[in-house]
Amino acid sequence: RLRDTPEDICFEATANAIALHPARPLLAAGDVDGDVYLYSYSCTQGENRQLWSSGHHLKSCRDVAFSQDGQKLLTVSKDKSIHVLTVEEGRLETRFPKAHSSALNCVLPIDTHLFATGDDDGGLKVWDLRKGDVVLEARQQEEYISAMAVDGNGKILLTASGDGTLGVFNVKRRRFDLLSEPQNGDLTSVVLLKRGKKVVCGSSEGTIYLFNWDGFGAASDRFALRAESIDCMVPITDSIVCVGSLDGVIRVVNVLPNRVLGCIGQHLGEPIEQLAVAPGGQLLASCAHDQKVKFWDISALGGLVVDDYRKKKKKGVPLRALSSKAAGSGADFFADLRDEAEPEAAVGSDSD
């Protein structure tokens, strides 16, 4: 039987990190016990399969990422090690045991050979798999590196940090460029939108900060969500991001004009750890403290049109349900959308 989305994948421990393969229906996950799993997923009932698992990490696996060619899986851990696994068999190909002096928090492939890692003390390293060594090392930020992003040319690397700053590094010239002014709260996520002209950061205070590509020193705009925090963020289109929060809700947010468009799904009351988009942009995966990976249909988001004109918000109106699995999309669907004719009235955001 065909479903709109694949069935949930359940784990024995909380999954900290997930990644979706750039070309195939494969999901990688790392959990708090240090185990790494590879699953194939399908919209056909009962067709999700575990392909392999790896227990090489001694402590919690904090992040996983597929290489750009999809042949390798990079994993980083609280045990300070980096592992490079083959996607086909899960074989450990390369291991950097004491990669950083403190626990690793995130990993980002830059191109076929280069990847970046960030640790709990603000340390950044860029590695070259051909040399098997570090080509750029810096410690410019004072708190953990929470997330990283790189431009389309693989030249400029951005790091979001718990000290509230955005770090800018030039990978091609192997140097640190600048730090932004500290924002309120920890910066928890960073993505590029508007054809790379805007940088969007989420914060632990529930505020989204916008930076111009040529003006990293200070935020150009900000707006607050009615969310306890923004813990993770992924771009869906050139203007739309999905945001995961401590309250377990996955919000759909349009940037410039700044709007919360609604809710695509939720892990009820469980903090969301990470989000990932499938190739083709039809599916979103999320992992949370409920030890599940859930899938959401995001095919409708690309067609959303956001009006520049902003109607006055009404207090207490629920978030608009943007998928059949989102809360409020059952029998009381239209009750939740009593203002459907004016969706902007139900927006849960505040903009300067």
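Because the structure is predicted, anything quoted here is derived from the model rather than measured.

Conventions and cut-offs
Residues numbered from 1 in each chain as written. Predicted model: local features only at pLDDT ≥ 70, side-chain atom pairs only at ≥ 80, totals over all residues. Heavy atoms only, no water. Patch = residues over 30% accessible without salt bridge, like charges linked within 9 Å, V, L, I, M, F, W, Y side chains within 5 Å. Areas by Shrake-Rupley, 256 points an atom, 1.4 Å probe, with all protein chains shown as cover. Salt bridge = Lys/Arg side-chain N within 4 Å of Asp/Glu carboxyl O. Lys, Arg positive; Asp, Glu negative; His and termini not counted. Charge placed at Lys NZ, Arg CZ, Asp CG, Glu CD. Helix = DSSP H or I, 4+ residues; strand = E, 2+ residues; numbered from the N terminus. Buried < 20%, exposed > 50% of the residue type's maximum accessible area, 1.4 Å probe, protein only. 1 Å grid on protein atoms, 1.4 Å probe; cavity = no way out; pocket = protein on both sides within 12 Å on 5 of 7 lines; lining within 4 Å. Points joined across faces, edges and corners; volume = space filled by probe spheres on them. Nonpolar A, V, L, I, M, F, W, Y, C, P; charged D, E, K, R; others polar. UniProt positions renumbered as here; feature names shortened; annotations may be inferred.

Engineer: Tell me about a positive patch on the surface, residues and numbers included.
Structural biologist: Where like charges cluster on the molecular surface, the positive patch consists of Lys-131, Lys-155, Lys-172, Arg-173 and Arg-174. Note on placement: Arg-174 falls in the loop between β16 (166-170) and β17 (175-179).

Engineer: An account of the pattern of salt bridges is needed here, citing residue identities and associated values.
Structural biologist: If the charged atoms of two oppositely charged side chains come close together, the side chains can form a pair. Under the defined criterion, the tally for this structure stands at 11 salt bridges. Between Asp-120 and Arg-62 there is a salt bridge, with the nearest N and O atoms lying 3.2 Å from each other. Residue Asp-120 is found in the loop between β11 (114-119) and β12 (124-128), and its partner Arg-62 is found in strand β6 (residues 61-66); the two are separated by 58 residues along the sequence. Since its relative accessible area comes to 28%, Asp-120 is described here as partly exposed. Arg-130 is paired through a salt bridge with Asp-128; the nearest N and O atoms lie 3.0 Å apart. Using a relative accessible area of 57% as the deciding quantity, one classes Arg-130 as exposed. In this structure Asp-128 comes out as buried when scored by relative accessible area, which is 3%.

Engineer: How would you sum up the layout of surface pockets? Please name residues and give values.
Structural biologist: Its volume calculated, the largest pocket comes out at about 1,600 Å³. Looking at the lining of the largest pocket, the elements that each hand over two or more residues are β2 (15-20), β6, β10 (104-109), β14 (145-150), β18 (187-193), β22 (232-235) and β26 (272-277). For the lining of the largest pocket, the element with the most residues is β26, which contributes 6 residues. Among the residues making up the lining of the largest pocket, the classes are represented as 30 nonpolar, 12 polar and 6 charged.

Engineer: So, the UniProt feature "repeat: WD" (unreviewed entry) in the chain: which residues are in play, and what are the values?
Structural biologist: Within this numbering scheme, the UniProt entry marks residues 111-137 and 272-299 as carrying the feature "repeat: WD" (unreviewed entry). Strand forms 59% of residues 111-137 and helix 0%; the C-alpha atoms that close the span are 17 Å apart. Helix makes up 0% of residues 272-299 and strand makes up 64%, while its end C-alpha atoms are separated by 21 Å.

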